[in-house]
Amino acid sequence: MTDLNEYDCEMLDAMLEAFGIPDSLTRNQLLELFDNDEATAFAMVQTLIREGLIAESGKHGDFELPEKLILKLKGDKFLKAGGFTRRYQLEQEKPVEVGGTLAKLQQQNMRLQNEKLSNRSEISDLQKTVQSLQNRQYYWWMLIVVALIIGYLIGHLRKY
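Okay, so let's go over this structure. Counting restarts for each chain, with residues numbered from 1 along the sequence as it is written. In view of the model being predicted, local features appear only for residues whose pLDDT reaches at least 70, and side-chain atom pairs are presented and counted only at 80 or more, with totals across whole chains, interfaces and linings using the full set of residues. Just so you know, side-chain values use all the structure's heavy atoms and leave hydrogens and water out.

So, about the overall build of the protein chain. Helical segments are the DSSP runs of H or I of at least four residues, strand segments are the runs of E of at least two, and each set is numbered from the N terminus. When helices and strands are tallied, the protein chain shows 6 helices and 3 strands. Seen in sequence order, the protein chain has helices and strands lined up from the N terminus as α-β-α-α-β-β-α-α-α. Here the C-alpha atoms of the protein chain give a radius of gyration of 34 Å, more than 25% beyond the 15 Å that 2.2 N^0.38 yields for 160 residues. Structurally, the protein chain occupies a C-alpha span of about 120 × 40 × 25 Å along its principal axes. Throughout, exposure labels follow a simple rule: accessible area from a 1.4 Å probe, protein chains only, divided by the maximum for the residue type, with under 20% read as buried, over 50% as exposed, and the rest as partly exposed. Classification of the 160 residues of the protein chain by burial places 22% in the buried group. Looking at the protein chain alone, contacts between residues at least 24 apart form 55% of all its contacts between residues at least 6 apart. Here the accessible surface of atoms and residues is derived via Shrake-Rupley with a 1.4 Å probe, and residues count as covered only by protein chains that are part of the display. Within the structure as shown, the protein chain displays about 12200 Å² of accessible surface, and the carbon and sulfur contribution to it stands at 57%. Charge assignment in this entry is limited to Lys and Arg as positive and Asp and Glu as negative, and neither His nor the chain termini are counted. Where a charge lies is defined by one atom per residue type: Lys uses NZ, Arg uses CZ, Asp uses CG and Glu uses CD. Across the protein chain, the centroid of the 19 positively charged side chains sits 16 Å from that of the 23 negatively charged ones. Every radius of gyration here is taken over C-alpha atoms, with the globule rule written as 2.2 Å times N^0.38, N being the number of residues. Contacts were defined at the residue level, with two residues in contact if any of their heavy atoms lie within 4.5 Å.

Next up, the structure:
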């Protein structure tokens, strides 16, 4: 399914949803769904047939599209499980496999190196912030101790 983009997946899901209650689509309904773009409709039909989600019924006649398409049980279950869109999203979340092309691996490597540098920079900034806050806390403790000492001395000197 790697040859399908997100738009194609959404169109295939919309096509599966269009089957409705009788679980079938006529050629005219299919053409209406694709704004009379028979080439796109044919490509989508072929994808669904290849996946085993629909079956053809009727003669093709002069046209490439069959007279009727029937939604198989597998197609209904597939759509309820999220359909092509869900499958596409899952594939996008997968990490690049070792068998990927060199360019993909290099691209992933660069992305990971950039992410590593970004994380190191953020860690450094956070460490500086923590150190600054620790120093500030130390100065406040020093001021409190000095204030207590001054208070003690002022109180002790008033006795005399």
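The pairing criterion for strands is at least two bridges between them, as found by DSSP. Spatially, 3 strands are ordered β1-β3-β2 in an open sheet, and the strand pairing comes out antiparallel. Looking at the sheet topology across the chains shown, the edges are occupied by β1 (24-26) and β2 (54-57). On average, each strand axis in the sheet is inclined to that of its neighbour by 20 degrees, with strand direction left out of account. When β1 meets strand β3 (residues 68-71), the two strands line up antiparallel, connected through 3 bridges. Note that in β3 the partner of S24 across the bridge is I70. Angles run from 0 to 180 degrees between N-to-C directions of axes, and those axes are lines fitted to C-alpha atoms, restricted for helices to the stretch in contact.

As a further point, take helix α5 (residues 83-93). Looking at α5, one finds that the buried residues are G83, F84, T85 and Y88. Buried positions along α5 lie against α1 (6-17), α3 (38-51) and α4 (73-80).

To form a nonpolar core, buried Ala, Val, Leu, Ile, Met, Phe, Trp, Tyr and Cys residues must be joined to one another through side-chain atoms within 4.5 Å. Of all hydrophobic cores here, the largest spans 24 residues; its most connected members are M15, L16, L30, L48, I54 and F84. Those elements that provide at least two residues to this core are α1, α2 (27-33), α3, β3, α4 and α5. Examining the composition of this core, we find that 5 residues originate from one element, α1, more than from any other. Not counting the four nearest positions on each side in its chain, L48 is found in contact with L12, M15, L16, L53, I54 and F84.

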